[in-house]
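The primary structure of each chain is shown beneath.
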Amino acid sequence: MINTHKLTLLALALWLITIAVLTWFFVYGKTRAGTDGRTAIVLKSTERNLILAEMRTFLSSTQGILDGANQGNRDLVFQAASASAMPETDDEKLVLMAKLPMDFKMLGMSVRSDMAAIAAAAKSTTPTPEILQMTANTLTKCVACHATWQLQSNP
Ligand code: HEC
């Protein structure tokens, strides 16, 4: 005779273990010691390419914000900042998110929300020096993240 009580406990235990493992990955990501003293996040090469492409968008946004502020062209500031404000989410990105450590995710999101704030400021009456200060503050996050993390890929 099947002992349903034990089976239920077993199912519950397996379920809890699964949640624990998923939580572990969500918080710590998939990392190892990097080649230069930083911590490496280990991704598939397509995932690494995806993040690097987003990084290049971050850089061109920064360039556009500075260029726009310098020319007094607030539309350009708005366009440039908006390009980095919202990520496109799809299934591949959700899997990728699980491999990224929590600190990395938080810092990345915080840059995106800064970019959204810069875009909003460009549409409002915020003076240009203040927009430049917001941009400078955001760049400290780029610097902090780059000082800490490396991206490596497994084929
Ligand atoms: C959450 C962490 C994080 C933040 C925030 C971040 N980066 Fe990066 N970025 C990385 C990592 C990790 C790499 C890969 C570094 C390596 O492997 O040596 C990278 C690489 C890059 C690259 C190289 C892209 C390529 O094609 O090789 C550029 C450019 C770049 N980042 C620009 C920026 C700019 C500009 C900002 C801020 C507006 C920024 N990043 C914010 C983590 C971050």
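For the structure itself, consult the block above.
All of the points below concern the structure found in this document.

Reading the values: rules and limits
- Within any chain, residue numbers begin from 1 and follow the written order of that chain's sequence.
- Local features in a predicted model are, by the rule used here, given only for residues with pLDDT of at least 70; side-chain atom pairs are given and counted only at 80 or more, and totals for whole chains, interfaces and linings are based on all residues.
- We call a residue near a molecule or strand when the C-beta position, derived from backbone atoms, sits within 6 Å of it.
- Working definition: helices are DSSP H or I runs of at least four residues, strands are E runs of at least two. Numbering for both runs from the N terminus.
- With axes taken as lines fitted to C-alpha atoms, and helix axes fitted only over the stretch in contact, angles between N-to-C directions fall between 0 and 180 degrees.
- Throughout this description, any angle smaller than 35 degrees is read as roughly parallel, any larger than 145 degrees as roughly antiparallel, any in the 65 to 115 degree range as roughly perpendicular, and the remainder as oblique.
- Left-handed describes a crossing whose near helix is turned anticlockwise from the far helix through less than a right angle; right-handed describes the clockwise counterpart.
- Contact criterion: two residues are in contact if their C-beta atoms, reconstructed from the backbone, are within 7 Å.
- Put simply, Ala, Val, Leu, Ile, Met, Phe, Trp, Tyr, Cys and Pro go in the nonpolar bin, Asp, Glu, Lys and Arg in the charged bin, and everything else, Gly too, in the polar bin.

**A few points about the site of the ligand**
Right, on to step 1. Lining the immediate surroundings of the ligand are 18 residues, of which Met55, Phe58, Gly108, Cys142 and Cys145 lie closest.
Right, on to step 2. Secondary structure elements with two or more residues in the shell around the ligand: helix H2 (45-71), helix H5 (102-123), helix H6 (128-148) and strand S3 (149-154).
Right, on to step 3. For the shell around the ligand, the leading source of residues is H2, giving 6 residues.

**A look at the packing of H5 against H6**
Right, on to step 1. At their nearest, the axes of H5 and H6 sit 10 Å apart, and the two run at 165° to each other. In this view, H5 runs roughly antiparallel relative to H6, as classed from their interaxial angle. Along this stretch, H5 crosses H6, giving a crossing that reads as left-handed. Each of Phe104, Leu107, Ser110, Val111, Asp114, Ala117, Ile118, Ala121 and Ala122 in H5 lies in contact with H6, whose residues at this interface are Ile131, Met134, Thr135, Thr138, Lys141, Cys142, Ala144 and Cys145.
Right, on to step 2. In the contact of H5 with H6, the residues fall into 12 nonpolar, 3 polar and 2 charged.

**Some remarks on the environment of Leu100**
Right, on to step 1. Note that Leu100 resides in the loop between helix H4 (91-99) and H5.
Right, on to step 2. In this structure, the C-alpha to C-alpha distance between Leu100 and Met55, residues 45 residues apart in sequence, is 15 Å.
Right, on to step 3. Not counting the four nearest positions on each side in its chain, Leu100 is found in contact with Gly29, Ile41 and Lys105.

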